[in-house]
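# Observations on the three-dimensional arrangement
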Amino acid sequence: MTDPAVAVEVTRNPRRVVILGIVPDDPLRCNGGINPQRVDAVFCLVPIFNLSHSRNMKRSILLSLVTLLPLSLYAQKAKTNPLTPIEDKQGLPRVLLIGDSISMGYTIPVRNRLEGKANIHRIPANGGPTTRGLANIDKWLGDGKWDIIHFNWGIHDLRHMDDGKRQVEPTDYEKNIRALVGKLKATGAKLMWASITPIPEPPLIPDRTFGDETEYNKIAAKVMMENGIPINDLHTYVSPRFSELQKKQDLHYKPEGSEFLAEKVAAEIAKALTSDH
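Anyway, here's the lowdown on the structure attached to this text. (Residues numbered from 1 in each chain as written. Predicted model: local features only at pLDDT ≥ 70, side-chain atom pairs only at ≥ 80, totals over all residues. Heavy atoms only, no water.)

## Here we look at the packing of aromatic side chains
Counted by the stated rule, this structure contains five aromatic pairs. Between phenylalanine 151 and tryptophan 193, the ring centres sit 5.3 Å apart and the planes meet at 65°, which makes this aromatic pair edge-to-face. Remark: tryptophan 193 occurs in strand β8 (residues 190-194) and phenylalanine 151 occurs in strand β7 (residues 148-151); sequence separation between them is 42 residues. There is no split in this pair, since phenylalanine 151 and tryptophan 193 are both buried. A connected cluster of aromatic rings, assembled from ring pairs, spans Phe151, Trp153 and Trp193. Cation over ring: arginine 241 sits above phenylalanine 260, and NZ or CZ is 4.7 Å from the ring centre. The ring of tyrosine 237 carries lysine 264 above its face, with NZ or CZ at 5.9 Å from the centroid. (Phe/Tyr/Trp six-rings, centres within 6.5 Å; stacked < 30°, edge-to-face > 60°. Helix = DSSP H or I, 4+ residues; strand = E, 2+ residues; numbered from the N terminus. Buried < 20%, exposed > 50% of the residue type's maximum accessible area, 1.4 Å probe, protein only. Lys NZ or Arg CZ within 6 Å of the ring centre and 35° of its normal.)

So, in structure tokens, the structure goes:
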């Protein structure tokens, strides 16, 4: 008999995912990697009992029950995973957050603070260094209209590689930032640059070293001023409380640190939403 755990057939259409098949007697295990934003309902055939004990039976007879799992079991993922896409609420402006894992930490708190005021999207990945940004920016921007784009690159560019050089050296960083700004300006959205947040002295966990973030912040600030792009200076904002809010020996933040950053990001976006273009 086919293993019930793998006898799952998935049918998809643009608005829902329906699973039809035989799964274990735990309905919660039949999510099968479904995108929670595309699910209306999930149907699973759950075994009730097996009539296979008779010696004369040549095969098992499996009786199943159709179980309906509500969307709410899956939609919760969108509230805890910053990379999960969201659906727009009609009539609200569309905001895109671009950045690395620091921005991933403040994405959901920003979304919560601006609920009912804006649709807060983010790129579906860690933005990484500027080289990754250039390789993916067209895909991340998509075809939709953006009202505000809040963006940052830098920490990954500053990371020292095995040869001792930074992943993206200063000259290339400036060139890449200029190219990315050009792409972002072409969207017609209001743009807002977020400065690179502090990087602590080594040793770090995991073990790695970085260049001086203030050098790259100066490079980015020059590009932003030349292009009339306002700066959300998260570096200055969080620095006085950095040792309190950072994770131990880490450039990332405790939950309260991400909330602190989100407060500033949400406030700047809210101001931009009410200002003239």
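Moving on from the model shown.
## Regarding the sheet that holds β8
Taken in spatial order, the five strands of this open sheet run β6-β5-β7-β8-β9, and their pairing is parallel. Strands at the two margins of the open sheet, each flanked by one partner only, are β6 (119-122) and β9 (231-232). Sheet topology note: the strand β5 (residues 94-98)/β6 ladder contains four bridges and is parallel. For leucine 97, the partnering residue across the bridge sits in β6 and is arginine 122. Helix α2 (residues 101-113) contacts β5, β6, β7 and β8 of the sheet and is inclined by roughly 165° relative to β6. Of the strands in this sheet, β5, β7 and β8 are in contact with helix α5 (residues 170-185), which crosses β8 at around 150°. (Pairing = 2+ DSSP bridges. Contact = heavy atoms within 4.5 Å. Axes fitted to C-alpha atoms, helices over the stretch in contact; angles between N-to-C directions.)

## Some details on the packing of α2 against helix α9 (residues 255-274)
Interhelical geometry of α2 versus α9 gives an angle of 60° and a closest axis separation of 8 Å. Taken together, α2 and α9 sit at an angle that is classed as oblique. The crossing of α2 and α9 is right-handed. In contact with Ile102, Gly105, Tyr106, Pro109, Val110 and Arg113 of α2, α9 contributes Ser258, Glu259, Leu261, Ala262, Glu263, Val265, Ala266 and Ile269. Among the residues making up the contact of α2 with α9, the classes are represented as nine nonpolar, two polar and three charged. (Parallel < 35°, antiparallel > 145°, perpendicular 65-115°, else oblique. Left-handed = near helix turned anticlockwise from the far one by under 90°. Nonpolar A, V, L, I, M, F, W, Y, C, P; charged D, E, K, R; others polar.)

## Brief notes about the side chain of asparagine 232
Mapped onto the secondary structure, asparagine 232 falls in strand β9. Within the local environment of asparagine 232, its side chain forms a polar contact with the side chain of histidine 150, the two groups lying 3.1 Å apart. Apart from the residues lying within four places of it in its own chain, the contact partners of asparagine 232 are His150, Met192, Trp193, Ala194, Ser195, Lys264, Val265 and Glu268. (Polar contact = N/O pair within 3.5 Å; in protein donor to acceptor, adjacent residues only side chain to side chain.)

## Quick word on the pairing of β7
Residues Ile148 and His150 point to one face of β7 and Ile149 and Phe151 to the other, with burial holding for every one of them. As paired strands, β5 and β7 are joined by four bridges and run parallel to one another. In the strand pairing of β7, valine 95 is matched with isoleucine 148. Bridge count between β7 and β8: four bridges; the pairing is parallel.

## What about the pairing of β6?
Side chains on a regular strand alternate between the two faces of the sheet. Burial along β6 is two-sided: the residues Asn119 and His121 and Ile120 and Arg122 are all buried. Once you follow β5 into α2 and on to β6, the crossover reads as right-handed. (Right-handed = clockwise from strand over helix to strand, strands pointing away.)

## Looking at the nonpolar core
Among the nonpolar cores identified, the biggest contains 55 residues, and Ile98, Tyr106, Val110, Ile149, Phe151 and Tyr173 are the most heavily contacted of them. Broken down by element, this core gets its largest block of residues, seven residues, from α9. Not counting chain neighbours up to four residues away, the residues in contact with valine 110 comprise Ile120, Ala262, Val265, Ala266 and Ile269. (Core = buried A, V, L, I, M, F, W, Y, C linked by side-chain atoms within 4.5 Å.)

## Focus: the packing of helix α3 (residues 130-141) against α5
Where α3 meets α5, the axes come as close as 9 Å, and the angle between the chain directions of the two elements is 5°. Judged by the inter-axis angle, α3 sits roughly parallel to α5. Counted together, Thr130, Thr131, Gly133, Leu134, Ile137, Asp138 and Leu141 of α3 and Tyr173, Asn176, Ile177, Ala179, Leu180, Lys183 and Leu184 of α5 form the full contact between these two elements. Considered class by class, the residues forming the contact of α3 with α5 number eight nonpolar, four polar and two charged.

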